[in-house]
Amino acid sequence: MKTAALGLLALLFASGAGSGEASECSIIIERGEHSLLVRTYLKALSPGTYSFGFDPSCESLELLSADFVRPGRGEEELPDWAVDTLTGTDGYPLALMIVFPPGSAGSMSLVREMFDRLSLESPSLEISPPVADADMAVLVRDAPSSLRWEGGGYVAERDGDDLLLNGAGPAGQLALSWIEGWDDLYEALSAEADSALLTTASLSSREAAIEAGAAGADPSAQLARLRTMLCNSFRIYLPSAAGLRFEVGPLDEVYLRRRATPLEASTIFCSICRQLGMQSDFVFASGGNWTIPVASSWGRVLLRVTAGGRTFYVEPSATLVPAFYIQSSREVSVLGRGDQILRSLPESGSSSSSCSESWEVGTSGAFRMEVEASGGYDVEIRKKLAGLGDAGLAILVSTWLWRSGYTLEVDSVWTSDLYDLGESASFGAVGALPQLAGGYLLLPSLSWNTPSDGHFIRTWKMPSTTRTPQDLTSSALDGFALFSDTLPRPPRRMARMEDIP
Amino acid sequence: MQTLVIVALFTSPDAVFLGHEALLRLGADTALVEVSDEAIVPLSASGVARFSVLSIPFTRGSDSVAIELAELRPVRPGRPVTVAAVLERPRSGLSAAGRLEGTFREYLLEFGGLEIGDTILIRTRRMVDRLPMAPLVDYSFFFQGRDSLASSSFRLEWPCLMELHVWQLAGPEPVDRVAGDVRYMTWESGPASPVEALPFSVPVDETAARVVISSADAQQVSRTLFESLDPGTPDSATEALLDSLVRSTDGSPEALSAVVSSMITYAGAEIGADPGYTPQPPSLTLSRRSGVCRDMAVLLVALLRTAGVEAWTVLSRSSPRLDPLVGSRSFDHMIVMAVCKGDTSWLDPSADAGGGGAGMRGLRVLPLTPEGSMILELADPVGLDTLDIEMDATLSAGMDTLRATMRVSFAGGAEDLWRGMMRSVPPAERPEALRMLFGALPGSDLDLVGEPGNPEGALSVAGTALYQVPLLRSGNGYDACIPGLDEIDQAGTRMAAILLAGREGSDRMHVETPLLECLRMTIEVQGAIPGLPDGITESHYRCGWEGSQTRVVLSESALLAPVWPGPEDAAGILSALLLRGSPGNRVLHILGRTAP
């Protein structure tokens, strides 16, 4: 273990930033020619296992020192067995693991060196306290006056060229950005994609364009077909290391490995659109609330496609999402070329949500259920059911019913092609309700994650002798009674088939 | 030892293995080579997802793996044959499991661009330099798995002078011949249908056709591993430490197990000649206050012996359970056998919870003794895993809400389950977790009594719970559906949701969390109840009512056990799950007050 920089790190708290009792974390950030350096010093930790994920393809992480103190003993260096580099969690390929034995408190210092393009050219950082209740002290070396920061509870002070940000525990998240404006952020995020698009279109792009444009499909059908082709051909992944999210390799290589980040997927989609004569631009989307340009929060990449006099928004990396549906479209902020930040998509930016759930229950207790959906409801069906075999489908629908409050025997389930993003999702099930003792039953229904937009209708077709609560709308149909509601999450309701003893 | 083939076979369906072959060659010098050949065609999107990245585990310093072929042959013309990208890294899951044992490695084979119908070809050669703990060879080859198999072949080359044991479940007869000093055995099998793997089912690799070979019988393995793993006699300093710990308890096996469980943090470390296998000496485990199952088991054996209790370390494997033949690499867990005053108890000091040890029911284990032991199957009794729910309830004036004072106590498997769940939930979030686990409405106020991490202390749940009561106007009153086990014990209802789905039969059931659910609910109503529903009594389910016009008692119980039910018990469990889900047995007709 190295001891370099320890003195400097310790000095931060020696100058009065720490309270002495709470956990303390000091961080020094230095922007160098070849890397962005983040040194972290943690003190007064609780015993337990600490894990720090990292991606060796764009950063290194090194433990400089780790010491612990047990009651009645002096400070001891953590033994080798308590430190290892293992396969990471939360998407990181590797993780540095440190175990402080029970009953001890400790301290550690580590250095993370980031050498991805964004960290070098347009750095921005989101910093979370590594321990929930820690006092935080963040020192930015040679901080330019244009450096922007944001974080609730932090207080800034200048020390020559350095900027010191103190946050008393429990401190919240802190964001730092050397990026001056939204245009600069857009350019930084899209730079690699733009340059990948400048190279000659690959054979794969042209093949895909031909396939999507086959049989004279209109632009809408072409885009839907493209969405389906890409989602079924590429495994989408979001690198945990923020620096890798906006790197784009040569498109031929991306085609070959069939694994793409959201930006790579959008770049490929864009290149195929160009082959089809459609104009398309990147639109970045963020669910975060930073008011300064922080690259890592803009992980979603949409495309604004203009064709046939119409504008379409698509999210090429949204697997198992209908072709033109943008999830959480009203909650995200978007950033397009030449735009300032926009707090939601334009009205035409996303298709709407609807769901029709219909049940037919006979006097034997046998049931048949069918669902047709679009938008957010469609997404829920696809994410839950796509790719399951017969038994898996039956179990999934049965557990969905359980979570909705019903125990049923689900015998079999069918679905539409849930991998075809151009068609609405639908599915159905047949089975039986538990024994109808006295003719009583709980009216079965599925409970849905309600999208912010949309329409919902549920119907039950039952024997005409069925009695139900009065809040349901009822009508007669072909000798049966038809009851309905419009609640995606209905209360449990009891009904009785009068002709069952 | 189960190689890549098994990792690939038993994850989920959706592929056909055109060829599935293995060769096991043991040299006269005991050098062991395992060659595996696979030709796999994914048939579905989930098959593509499964086989796009494959893991080949190995242990640094113990064995080495050469990937001789890892190739993707596309089904569509125009695409080139590609070679898999190979990445070596620490085995996944170690950090999440608290295992700091970086010698456990894996090769990741990434087949970029894999499509349905493509063929992936893999040939690996594993050279086993030394087997952990002792040179006890074993190997399992499966003729069946979760995917379709077009053909399979297992070839064995074994020195004639070396002892060979073979155990087989179904599958083809071997061709057996001797040439020179080598015995050659070959099993060739034709197409095999996939075996469906469902939750609450006996693991596929316990039921699939397979052959197991080993260089020693179980008794020899027990005797040999005893020499490697038994803690032996402690030195005087350690003995004093152990003695002081024993004196801090009543010296019973359960108390000593609880001490080890509570004072040792689960964290692995590399030590000894076989990192990942060699246990820490008891003194080191006490000093570090960290260890994994083997370290805790060895410490507990030392403590028990110090207390004058006869005790042995015991090796096992949770899933699949042990076959009759085993070797150095057959085991993934260590527990303890204690014989006290003629009674044998099985202790698992590294178990997540300290309840009735339901995780050990029906487990097959190998005690390590100087004389050698056979593989034993632990008992699987029913009725010990009680979830006891007592409720004093009042039906609201509008009859649509039931407010109940609730007390829940646990024993056996139920205690294991709830302790495990509650340990993973921060104390501040436990009331909400309990509300959901007991199916109650928001506004309920349930909390844990006792500390889930302290197996010596009692654990229970107490508080107030609210339930929605579905109502239906009926004549001069209302029918009210009183919540029962189906609404209140969500663990049991989850089991119902899984077991009642798409199942044609009830064989091969495995109940991971056995339960005897007992509900006794006293209900006060503001109105009159003219009559009570009929009761039901079946082998695994009972529901009955008693009481007067305004105060009635619902008693309901369901036996969702044993862990490994035979056909009769399995049918009883399914029937119980159906009956507890039937609302008609819990509908009260109430006269008088006006509902909303």
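Trainee: Any chance you could explain the packing of helix α3 (residues 182-198) of chain A against helix α7 (residues 262-275) of chain A here in plain terms?
Mentor: Packed helix pairs are characterised by how far apart their axes lie and by the angle those axes make with each other. All names here are of chain A. Following both chains from N to C, one finds α3 and α7 inclined at 40 degrees, their axes separated by 10 Å at the closest point. As judged from the angle between their axes, α3 and α7 are oblique. Seen from above, α3 lies across α7 with right-handed handedness. Where α3 approaches α7, its residues L189, A193, A196 and L197 are matched on the opposing element by L263, T267, C270, S271 and R274. Partitioned by chemical class, the residues of the contact of α3 with α7 number 6 nonpolar, 2 polar and 1 charged.

Trainee: Before we go on, may I ask you to explain the interface of chain A and chain B in this structure?
Mentor: On the side of chain B, 61 residues touch chain A, which itself brings 48 residues to the contact. Carbon and sulfur atoms supply 61% of the area that chain A and chain B bury against each other, a total of about 4,400 Å² over both sides. Considering only the side of chain A, the residues that lose the most area to chain B are W81, W402 and M494 of chain A, jointly responsible for 17% of the buried surface there. Across the pair R258 of chain A and E115 of chain B runs a salt bridge whose closest N-O atoms are separated by 2.9 Å.

Trainee: So what exactly am I meant to see when it comes to the state of the cysteines here?
Mentor: Residues and elements named next belong to chain B. Summed over the entire model, instances satisfying the criterion amount to 0 disulfides over all chains. Between C481, a cysteine without a disulfide, and C543, which holds the nearest cysteine sulfur, the sulfur-to-sulfur distance is 11 Å. For C481, a relative accessible area of 2% puts it in the buried group.

Trainee: Even after reading the chapter, I still don't get unusual backbone geometry, so can you show me in this structure?
Mentor: A negative phi angle is the norm for most residues apart from glycine, just as the trans form is the norm for most peptide bonds. Residue P320 of chain B is bonded to the preceding S319 of chain B through a cis peptide linkage, with omega at 0 degrees. In this fold, P320 of chain B is placed in the loop between β18 (310-316) and β19 (333-340). The peptide bond linking A561 of chain B to P562 of chain B adopts the cis configuration, its omega dihedral lying at 5 degrees. Structurally, the position occupied by P562 of chain B is in the loop between β32 (551-560) and α13 (567-580). Not every positive phi belongs to a glycine, and R258 of chain A is a case in point at roughly 55 degrees. In this structure, A170 of chain B takes a positive phi of about 55 degrees despite not being glycine. For A170 of chain B, the location among the structural elements is in the loop between β12 (165-169) and β13 (175-179). The exposure class assigned to A170 of chain B is exposed, which follows from its relative accessible area of 52%.

Trainee: Even after reading the chapter, I still don't get the nonpolar core, so can you show me in this structure?
Mentor: Generally speaking, nonpolar side chains in soluble globular proteins are found buried as a group. In this structure, I381, F427 and W448 of chain A together with M406, W418, F438 and M521 of chain B are the most contacted members of the largest nonpolar core, which totals 115 residues. When residues in this core are grouped by element, the largest group, 7 residues, is from helix α9 (residues 390-404) of chain A. Contacts of F438 of chain B, omitting those with residues within four sequence positions, involve M406, V408, W418, L446, V461, Y467, E487, I488 and Q490 of chain B. Formed by 50 residues, the second largest nonpolar core is a distinct cluster that contains L42, L110, L147 and L163 of chain A.

The rules we used
Residues numbered from 1 in each chain as written. Chains lettered and ligands numbered in written order. Predicted model: local features only at pLDDT ≥ 70, side-chain atom pairs only at ≥ 80, totals over all residues. Heavy atoms only, no water. Axes fitted to C-alpha atoms, helices over the stretch in contact; angles between N-to-C directions. Helix = DSSP H or I, 4+ residues; strand = E, 2+ residues; numbered from the N terminus. Parallel < 35°, antiparallel > 145°, perpendicular 65-115°, else oblique. Left-handed = near helix turned anticlockwise from the far one by under 90°. Contact = heavy atoms within 4.5 Å. Nonpolar A, V, L, I, M, F, W, Y, C, P; charged D, E, K, R; others polar. Buried area = accessible area lost by both parts, 1.4 Å probe. Salt bridge = Lys/Arg side-chain N within 4 Å of Asp/Glu carboxyl O. Disulfide = S-S within 2.5 Å. Buried < 20%, exposed > 50% of the residue type's maximum accessible area, 1.4 Å probe, protein only. Core = buried A, V, L, I, M, F, W, Y, C linked by side-chain atoms within 4.5 Å.

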